[in-house]
Amino acid sequence: MTPTTPTDAHRVPLTIITGFAGAGKTTLILNLLPQLRTQNPGYKLALIKNEIGDVNVDTQLAAAAEMTGSRELLGDCICCTNVGQIEDALAQLDRECHPDRIIIETSGSAEPLKLVLEVNRIGKATGRYELDGVVSVIDAENWGGYANTSFTAKLQAKQTDLIVINKWEGLSERAFDLFLDKLGDLDVDTPQTKSDQGWISKDLLFGWDPKMARAWATDHGHGHAGEHKHDHKSEMECLSVTLTATDPEAGTDLAKLDTLLKSAPKDEVYRIKAVLYSCTSPSAPDGAHVSGDQTGRARYILNWSFGRWTWSHDNVVDTQAPVLRMSIFTTQYESSKWLERIEGGQYVALDDHDGGGGGGKLEVRRVQ
C-alpha cells in the first residue's frame, strides 16, 4: 500500500550509492552508521540492496551493523528487471521501520540514470520520497582494468553527483596520477573526493532531513554543523554562517540568498544546509514559494546538494534563534574565497526593505 502524501518536511530522503563490483560501497555505508548515531542515537537509516545472484552477504552485514531495516532485491539488476520492485521495497521499509533516510545500493552493473528516473517518478507519484543525491564509488587500484572493458563502469562515473575515490592509499604517486588521467578521459566535471580507507563524512554524502537538523537548529551556543573531531583526513572544508537580528520582525534578504543557491558552482560547493526563520516563504528552484501551514514567522530547512535544492517547512517557532544559520561545504582550498564573498554581504544579509536592516550581525567562520 502506498503511503499517504505528507508535508515536505516529512519526505524521506533517498541516497543512491553505485559503483562497480568490489569498489567498496557497502564498507562506505557501514562507516556512515557510527557518524549518524553519534549525532543522533535514535537516527534510523534503512537500506535497499540490489545484487545479481541469490546471496545477500552485504545485506546480512548491514543487519549485523544494526541498520534500522533492509530489503534485498536479488537475482536481476535494479535498473532493469527489478526497477518495478523499488516502490514496493520503499513502501515496506517505510511502513515497517519508519526510517529517517533510505540508501539504495545498486549492483555493480546498474546504470544510475534509469534508477534516478524511477526514484523521481515514485517521489512525484507518492509525495513521500525525495532524491537527495547519487554517489559513485570508484576503486582506484582497479579502475584502469574495468574501465577499459565495462561501459557500465563509465556510465556510473558519469551519471552521478559525486565521485568517491576508494582504495587509493596503496597506489604510488605515479600510479595515482595515471588513475586520475584515465578518470579524466571521461571528460566530466563531476566533483571528486577521496575516502579515508572507506570513510567519508556524512556531511558530504547526506543532505539534511528534519531529524538531522533539529539539534543543530535549536542549539544557541557555539556548536556548528561540521564542527567535530575525528581521526580521518578531510577533503572538504566547511563554513559556518550565523545571521542574527535585534528586531524580532527582521528577516534574511531572500533575494540574495536565492542568488547564492542559483550561482554556487557544484565543482566548488558540495552542499549548503541551513535553518531559516522568516515571515516570508523562500522560493523553490522553479520560483514557486514554499507552502506553510501558518502565517507570520516560520522555520524553513534548506538542503542544497550539487546544484539542486529543496526547502522544507517546519511548524517550530523559536524567537531566540538566529534568523539564519547555515553551513557551506566546499572542496579543498575554496572556503576562503566563499568566506570573503559572504562576509562582504554578497549572498547573506538582513532584508533592509524597511531601511536599516534590523540592526543585525553576520558571523562567518571556517570550522573544518
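Here goes a summary of the coordinates provided. Remember, predicted model here, so these are calculated numbers, not experimental data.

**Let's talk about the environment of Ala284**
Thinking step 1. Looking at where Ala284 falls in the secondary structure, it is placed in the loop between strand 9 (269-278) and strand 10 (298-305).
Thinking step 2. Look at Ala284 and you get partly exposed, because its relative accessible area is 23%.
Thinking step 3. A C-alpha to C-alpha distance of 9.7 Å links Ala284 and Ser312, two positions 28 residues apart in sequence.
Thinking step 4. Aside from chain neighbours lying at most four places away, what touches Ala284 is Val290 and Trp309.

**Side note on the packing of aromatic side chains**
Remark: the centre distance and the inter-plane angle together describe each pair of aromatic rings, the angle taken between the planes.
Thinking step 1. Across all of its chains, the model carries three aromatic pairs by this definition.
Thinking step 2. Seen in terms of ring centroids, Phe176 and Phe179 are 5.8 Å apart; in terms of plane orientation they differ by 35°. Their pairing is tilted. A residue pair is termed a helical-turn pair when its members lie 3 or 4 positions apart in one helix, as Phe176 and Phe179 do in helix 8 (residues 173-184) at three residues.
Thinking step 3. A residue is classified by how much of its surface remains accessible, and Phe176, at 14% relative accessible area, is buried.
Thinking step 4. One aromatic cluster is present, formed by Trp168, Phe176 and Phe179 through successive ring pairs.
Thinking step 5. Lying across the ring of Phe206, Arg101 places its NZ or CZ 4.4 Å from the centre.
Thinking step 6. Lying over the aromatic face of Trp168, Lys194 brings its terminal NZ or CZ to 4.0 Å of the ring centre.

**A short note on unusual backbone geometry**
Thinking step 1. At His98, a position not held by glycine, the phi torsion is positive, near 50°.
Thinking step 2. Relative to the helices and strands, His98 resides in the loop between helix 4 (86-97) and strand 4 (101-105).

Calculation criteria
Residues numbered from 1 in each chain as written. Predicted model: local features only at pLDDT ≥ 70, side-chain atom pairs only at ≥ 80, totals over all residues. Heavy atoms only, no water. Helix = DSSP H or I, 4+ residues; strand = E, 2+ residues; numbered from the N terminus. Buried < 20%, exposed > 50% of the residue type's maximum accessible area, 1.4 Å probe, protein only. Contact = heavy atoms within 4.5 Å. Phe/Tyr/Trp six-rings, centres within 6.5 Å; stacked < 30°, edge-to-face > 60°. Lys NZ or Arg CZ within 6 Å of the ring centre and 35° of its normal.

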